[in-house]
Amino acid sequence: MAKKNLQVALIEGADRETPMMKQYNQFKAQYPGAILLFRVGDFYETFGEDAIKASQILGITLTKRHNGSSSETELAGFPHHSLEVYLPKLVKAGQRVAICDQLEDPRFAKKIVKRGVTELVTPGVAYNDTVLEAKRNNYLASLCTLKGAWGIALIDISTGEFLTTEGNQEYIDKLLQSFLPAEVLVSRALRNEWTEWTQDQYSTYYLEDWFFQTSFGDDLLKRHFKVQTLKGFGIADLPQGIAAAGAILHYLSENNHKDLRHIAGISRIEEERYVWLDKFTIRNLELLAPQQAGGVALMDILDNTLTNMGARLLRKWIALPLKDKNRIEERLAIVEILYQDSEFLEQIQDSLRHVGDVERLISKVSSRRAKPREVLQLKKALLQIANLKKTLEAQTHTLLHKFSNQLNPCEYLAEKIEKELLDEVKAVTNEGGLIKSGVNTELDELRDMVQNSKDYLEKVRQNAAIETGIASLKIEYNKVFGYYLEVSNANKHKVPKAWIRKQTLTGAERYIT
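The model shown is predicted, which means the values in this text are computed figures rather than measured ones.

A. Expanded view of the packing of aromatic side chains. If you walk through the whole model with that rule in mind, you get 15 aromatic pairs. Residues Tyr139 and Phe179 carry aromatic rings whose centres are separated by 5.4 Å and whose planes lie at 85 degrees to one another, so their mutual orientation is edge-to-face. One end of the pair, Tyr139, is in the loop between strand 6 (115-121) and strand 7 (140-146); the other, Phe179, is in helix 5 (residues 169-179), with 40 residues separating them in the sequence. What makes Tyr139 buried here is its relative accessible area of 3%. Judged by its relative accessible area of 9%, Phe179 falls in the buried class.

This is the structure in structure tokens:
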């Protein structure tokens, strides 16, 4: 029905811009490079060029507004509940997607429904599990250059990791091959140079040159991290790195990703700490991916990790081999401890099996994107982290104590979730059934009212009958006013109209007629 009404509205407004299409065009102007998914009733709709792209990528029907005029508009859409099916296909095809939702119930909208873009999803900016690859980081990179020096910043908003450095073009190329960003931000002024350099190897989005200014980036980073100087992060002497990092933060903020509290720090990529492999070495040694279809890479052989976090870390270790002898020996010592003590190894494994991907889960919670069941999983993860901390503390090896000191089980948060959230919750927040009794008095009263609505309404009727002295009072219901008190014709003159209006249970003004 919603789709039919949409097409009718478009046909009737063929020769003029309808209020809804005016609203659509305003959002489209704000996100010109993205496919705009425009919520209309129970559907997400696309129009014009967006509809053509969406129909080709998703395999959905493309229709047109046939009205005999020269302003035909292509249409393509899908049910809103299928978003998690279609969104990954669009993003993996290299498309940027702006999701425009209805911000109010259409039934109560006085004129046109209020809408707003709630999320911009791109190859390098995503929280959605169906878009992300579980065992790979999803980096958004930013590049800038001045006088032969290149700056690069990499951020994975799904984990909170934020890195930056600078160097010559050869070094930056090795970084790109090691981190394999899903998307790269580059100044428009560098379009030709970047295209010649990378041969369109990366999904790229071009920004205005003013995004990449060191002073601008320095101010933005200090405001975000609430510090007076960036020296504590070890990046104060990286002007191009700071410019690239600032460009990323500003880009995210401009594109509706303003809640970035989980980006709590930024680290310097130190060239001297790693063996930097060029793309030919990585490819020929088949470290991360096989050269031939059906082949097996070194990563596939080594990856017996129990968590997605572990798989992502192992991939990073393979791509960035250490040069520091002490750190290498420390890793080997940990392996030796676990190899020699099978009981201790099993305890560690048992905790890790139940932790889940807490790294990405925390990012969802911090950015207010976590679903109720994911919050329950966070509680389970925190309890396992507490067990893991105790297991490590019980060992005599100082290396294990070092790791134990780095673990924070956040007891207060785990207790708060346990106290307030039901053990079995629904998948979404707008259906209720989430909070335990005793957390909020008003909520308990409202829940009791819903669960025992017949008894509640009968008490209202009885109290009203006592107050008015009319035993024939009854409760009626209609779609316009909801529940209300009604009186028989014989007794209407005995009841003041103002009293009846006050007793209308929905708050709607209703007089006896």
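B. Representation of the sheet that holds strand 6. Judged by pairing direction, the sheet is mixed, and its six strands sit side by side in the order 3-4-2-1-5-6 without closing on themselves. Edge positions in the sheet fall to strand 3 (63-64) and strand 6, since each of these pairs with one other strand and no more. Strand direction decides the pairing type here: strand 1 (residues 35-40) and strand 2 (residues 43-47), joined by three bridges, are antiparallel. Within strand 2, the position partnered with Val40 by the bridge is Phe43. On the sheet, helix 2 (residues 19-30) packs against strand 1, strand 2, strand 5 (97-102) and strand 6 and is oriented at approximately 150 degrees with respect to strand 1.

C. Spatial organisation of the pattern of salt bridges. One pass over the structure, following the stated rule, counts 25 salt bridges. For Lys174, the salt bridge identified is with Glu170, shortest N-O distance 3.8 Å. Of this pair, Lys174 and Glu170 are both found in helix 5, four residues apart, which corresponds to roughly one turn of the helix. According to the relative accessible area criterion, Glu170 is exposed, its value standing at 54%. Between Lys416 and Glu420 there is a salt bridge, and its shortest N-O distance comes to 3.0 Å. A residue pair is termed a helical-turn pair when its members lie 3 or 4 positions apart in one helix, as Lys416 and Glu420 do in helix 17 (residues 411-420) at four residues. Given a relative accessible area of 33%, Lys416 falls into the partly exposed group.

D. Region of interest: a negative patch on the surface. Taken together, the side chains of Glu442, Glu445, Asp448 and Asp455 present a region of like negative charge at the surface. The leading source of residues in the negative patch is helix 18 (residues 441-451), at three residues. Its location among the elements puts Asp448 in helix 18. Given the relative accessible area of 43%, Asp448 is considered partly exposed.

E. Quick peek at unusual backbone geometry. For Asp200, which is not glycine, the phi torsion reads 55 degrees and is therefore positive. Note that Asp200 resides in the loop between helix 6 (191-198) and strand 11 (204-207). You can call Asp200 exposed: its relative accessible area is 59%. One non-glycine residue, Lys226, lies in the positive phi region at around 55 degrees. Relative to the elements of secondary structure, Lys226 occurs in the loop between helix 7 (214-225) and helix 8 (239-254). Of the residues examined, Lys226 reaches a relative accessible area of 74% and is grouped as exposed.

F. Structural detail: the pairing of strand 7. Counting buried positions along strand 7 gives five out of seven residues, so the element sits mostly inside the fold. Taken together, the seven bridges between strand 7 and strand 8 (residues 149-156) define a ladder with antiparallel strand orientation. Paired with Ala141 across the two strands is Leu154, which belongs to strand 8. Count of turn residues in the strand 7/strand 8 antiparallel hairpin: two residues, of which Lys147 carries a positive phi of about 55 degrees. The sheet contact formed by strand 7 and strand 10 (residues 183-187) spans four bridges and is parallel. Residue Leu143 lies in a different strand from strand 10, and its bridge partner there is Val186.

G. Structural context of the sheet that holds strand 11. Read from one edge of the open sheet, six strands run 11-10-7-8-9-12, paired in mixed fashion. The sheet is open, and its two edges are formed by strand 11 and strand 12 (267-268), each paired on a single side. Across seven bridges, the pairing between strand 8 and strand 9 (residues 161-167) is antiparallel. Residue pairing in the sheet places Gly151 in a bridge with Glu166 of strand 9. Helix 5 rests against strand 7, strand 8 and strand 9 of the sheet, and its axis sits at about 155 degrees to strand 9. Against the sheet, helix 6 touches strand 7, strand 8, strand 10 and strand 11, its axis set at about 160 degrees to strand 11.

H. Quick peek at the side chain of Lys364. Positionally, Lys364 belongs in helix 14 (residues 358-366). Classification of Lys364 by relative accessible area gives buried; the value is 8%. Not counting residues within four places of it along the chain, the set of residues in contact with Lys364 comprises Tyr127, Asp129, Arg369, Ala370 and Glu374.

I. Highlighting the nonpolar core. Core analysis: the largest hydrophobic core is formed by 46 residues, its most contacted members being Phe38, Phe162, Leu221, Tyr251 and Leu252. The dominant element in this core, judged by the number of residues it contributes, is helix 8, at nine residues. If near-sequence neighbours (up to four positions away) are discounted, Phe162 is found in contact with Ala153, Leu154, Ile155, Leu221, Phe225, Ala245, Ile248, Leu249, Ile263, Gly265, Ile266 and Ser267. Counting 24 residues, the second largest nonpolar core, distinct from the first, contains Val184, Leu190, Tyr202 and Tyr206.

J. The environment of Ser437, seen in detail. Structurally, Ser437 can be placed in the loop between helix 17 and helix 18. Measuring from C-alpha to C-alpha, the distance between Ser437 and Glu420 comes to 8.0 Å, with 17 residues separating the pair along the chain.

Conventions and cut-offs
- Residues numbered from 1 in each chain as written.
- Predicted model: local features only at pLDDT ≥ 70, side-chain atom pairs only at ≥ 80, totals over all residues.
- Heavy atoms only, no water.
- Phe/Tyr/Trp six-rings, centres within 6.5 Å; stacked < 30°, edge-to-face > 60°.
- Helix = DSSP H or I, 4+ residues; strand = E, 2+ residues; numbered from the N terminus.
- Buried < 20%, exposed > 50% of the residue type's maximum accessible area, 1.4 Å probe, protein only.
- Pairing = 2+ DSSP bridges.
- Contact = heavy atoms within 4.5 Å.
- Axes fitted to C-alpha atoms, helices over the stretch in contact; angles between N-to-C directions.
- Salt bridge = Lys/Arg side-chain N within 4 Å of Asp/Glu carboxyl O.
- Patch = residues over 30% accessible without salt bridge, like charges linked within 9 Å, V, L, I, M, F, W, Y side chains within 5 Å.
- Areas by Shrake-Rupley, 256 points an atom, 1.4 Å probe, with all protein chains shown as cover.
- Lys, Arg positive; Asp, Glu negative; His and termini not counted.
- Charge placed at Lys NZ, Arg CZ, Asp CG, Glu CD.
- Core = buried A, V, L, I, M, F, W, Y, C linked by side-chain atoms within 4.5 Å.

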